[in-house]
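# Chain and residue survey
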Amino acid sequence: MKPEELYERHRAVLPDWISLYYEKPIELVRGEGYRVWDSEGNEYLDFFGGIVTTISGHAVPEIVEAVKEQAQKIFHSSTLYLIESQVRLAEKLISLSPISGEQKVFFVGSGSEANEAALLFATTYRSSSEVIALRGSYHGGSFGTMGITGQGSWRPTPRTALDVSYAMPPHRSYSPLYGRHDDPEELARACAEDVRSLIETSTTGRVAAFIAEPIQGVGGFVELPPAYLSRVKEILDEYGVLFVSDEVQTAFGRTGSHFWGIEQSGVEPDLITMAKGLGNGLAIGAVMGRAGVIDSLSPKQHISTFGGNPISTAGALANLEYILKNDLQKNADEVGGYLKERLVALAGEHRCVGEVRGRGLMLAIEIVGPGGEPDGAAAARFLEACRERGVLVGKGGLRGNAIRIAPPLTITREAARRAAEVFDEALAEVESKEKVG
Ligand code: PMP
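Residues numbered from 1 in each chain as written. Predicted model: local features only at pLDDT ≥ 70, side-chain atom pairs only at ≥ 80, totals over all residues. Heavy atoms only, no water.

## Digging into the site of the ligand
The ligand sits among 13 residues. The nearest are G111, S112, D246, Q249 and K276. For the ligand, an oxygen atom lies 2.5 Å from a polar atom in the side chain of S112. At 2.8 Å from a nitrogen atom of the ligand is found a side-chain nitrogen or oxygen belonging to D246. For the ligand, whose unbound accessible area comes to 400 Å², protein coverage reaches 82%. The biggest single contributor to the shell around the ligand is helix α5 (residues 111-126), with three residues. In terms of residue class, the shell around the ligand is built from three nonpolar, seven polar and three charged. (Near = heavy atom within 4 Å. Polar contact = N/O pair within 3.5 Å; in protein donor to acceptor, adjacent residues only side chain to side chain. Areas by Shrake-Rupley, 256 points an atom, 1.4 Å probe, with all protein chains shown as cover. Helix = DSSP H or I, 4+ residues; strand = E, 2+ residues; numbered from the N terminus. Nonpolar A, V, L, I, M, F, W, Y, C, P; charged D, E, K, R; others polar.)

Here it is, written out as structure tokens:
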């Protein structure tokens, strides 16, 4: 079907508020590794991986085979029965966990559900409904997770089941303290100290959990500095507040330096939530962490029908094995390091680049206007210019002006070089249109 016709039919039956990329939306019908093809036969480098999800690449034979083999046996049985691949996946994740001591894993179907479950466990364990989240965060689209999402544009309702206070991460996008501290370490310390003030002034003092993404994803790939996270952890420990690391985007080696995003800071969280890359596109999410916290619910108080189903867990296991066997984390570090160097060089040549940030293969270019102000419209033009030249990237940030680059961790240096060339041309196009317009 032609994309124009599909778009018309899509608009007739799907919600108006679903946002589609590009003036003329495309349908991706086939993928292989880090390349994808649309329904008209155009080939692209997939540098967004279906929102930071396709971590091992498309149509990886080992993963396809695992899913096929399981699909031929049984699709579904539910958590009322034993599922071998679920147990094996939990064992594998715990063996890779940065958390010490006895641990458990609870499987669900998405990142939102993983965070919902983490909130449920933390609030039950601590007998408290109070949570601290960060400005600029994104934790999901359910009522509980919208309530801990620090971006108004992702909060269609103020309703939430929790009592939430928002702390500020030490970044100019989300902290009014930015500009008052020249030294980034100073800013990190000041923002961390504000968490103590927040606990003492905005809560009862008995807070269940602090939740953070080590690199804020939808917020525009904003890194939380190790100095910030480690100081916050010390303060939380004084009050017995649990630390939840939302690793829906940062897990499984994406950040290059470590397998889990939080590890860079040396902080040991109590719970980790994950989804996206766990299934390389299969619908699966999980909460992993301290057994005492996850086991704080009473028997038969909770269930997820699809959580840990045979197909998703068989696929996720094959995916994890693929990531480890091929050391994709190392590739993310090497190719990501090279790509970041190229992006930093482009920032020196193009005025419209406000900042380059991120680690491994989770990199962002912030697009700004002539006065350095966030320019979401220019970012949309950049996205379009990249598509025309055969590269798919994403967008994010409170003002929609952060270009998000998150390809499968299998990309080669050559693919990164080609993409960087396209980014160079696209930035030039954005600037030339600015001059004309
Ligand atoms: N947490 C983070 C950090 C995310 O980026 C997302 C999705 N963008 C979610 C949670 C929610 O995941 P899902 O869309 O699978 O519910």
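So much for the structure itself; the text now carries on.
## Focus on the confidence of the model for the chain
Of the residues in the chain, 99% reach a pLDDT of 70 or more, and the chain-wide mean stands at 96. Mean pLDDT across the elements of the chain ranges from a minimum in helix α13 (residues 413-436), with 92, to a maximum in strand β11 (residues 271-274), with 99. (pLDDT = per-residue confidence, 0-100.)

## Thoughts on the pattern of salt bridges
This model, assessed by the stated rule, comprises 25 salt bridges. The salt bridge involving D237 is made with K233; its shortest N-O contact spans 2.8 Å. With D237 and K233 both in helix α8 (residues 226-239), this residue pair falls four residues apart, about one helical turn. Since its relative accessible area comes to 45%, D237 is described here as partly exposed. K233 gets classed as buried once you look at its relative accessible area, which sits at 15%. For the salt bridge of E384 with R387, the shortest nitrogen-to-oxygen distance reads 3.3 Å. Here the residue E384 and the residue R387 both occupy positions in helix α12 (residues 376-388), the gap between them amounting to three residues, near one helical turn. In this structure, E384 and R387 share a single accessibility class: buried. (Salt bridge = Lys/Arg side-chain N within 4 Å of Asp/Glu carboxyl O. Buried < 20%, exposed > 50% of the residue type's maximum accessible area, 1.4 Å probe, protein only.)

## Some points on the sheet that holds strand β3 (residues 43-46)
Spatially, the four strands line up as an open sheet ordered β1-β2-β3-β15, and their pairing is mixed. Looking at strand neighbours, the two that pair on one side only are β1 (28-32) and β15 (391-392), the edges of this open sheet. (Pairing = 2+ DSSP bridges.)

## Points about the nonpolar core
Among the nonpolar cores identified, the biggest contains 93 residues, and L93, Y228, F252, F382 and F423 are the most heavily contacted of them. Per-element accounting of this core gives the leading share, nine residues, to α13. Counting the residues that make up this core, at least three belong to each of domain 1 (3-59 + 327-436) and domain 2 (64-325). If we ignore the near neighbours within four places in the chain, the residues touching F252 are I55, L93, F259, W260, M274, A275, G277, L278, L320, I323 and L409. L119, A122, L162 and L242 belong to the second largest nonpolar core, which has 22 residues in total. (Core = buried A, V, L, I, M, F, W, Y, C linked by side-chain atoms within 4.5 Å. Domains from an automatic or database assignment. Contact = heavy atoms within 4.5 Å.)

## A short note on the domain arrangement of the chain
What the domain assignment reports for the chain is domain 1 (3-59 + 327-436) and domain 2 (64-325). Taking the mean C-alpha position of each, domain 1 and domain 2 sit 25 Å from one another. Contacts between domain 1 and domain 2 engage 35 residues on the former and 37 residues on the latter. Around 2900 Å² of area is buried between domain 1 and domain 2 when both sides are counted, 51% of it from carbon and sulfur atoms. Ranking the residues of domain 1 by area buried against domain 2 places Q329, R359 and M362 at the top, with a combined share of 28%. Along the contact surface separating domain 1 from domain 2 lie two salt bridges. Between E366 and R172 there is a salt bridge, and its shortest N-O distance comes to 3.4 Å. Along the contact surface separating domain 1 from domain 2 lie 25 residue pairs in polar contact (both at pLDDT 80 or more). For the side of domain 1 that touches domain 2, the secondary structure elements donating two or more residues are α2 (49-52), α11 (328-349), β13 (353-359), β14 (362-367) and β17 (402-405). (Buried area = accessible area lost by both parts, 1.4 Å probe.)

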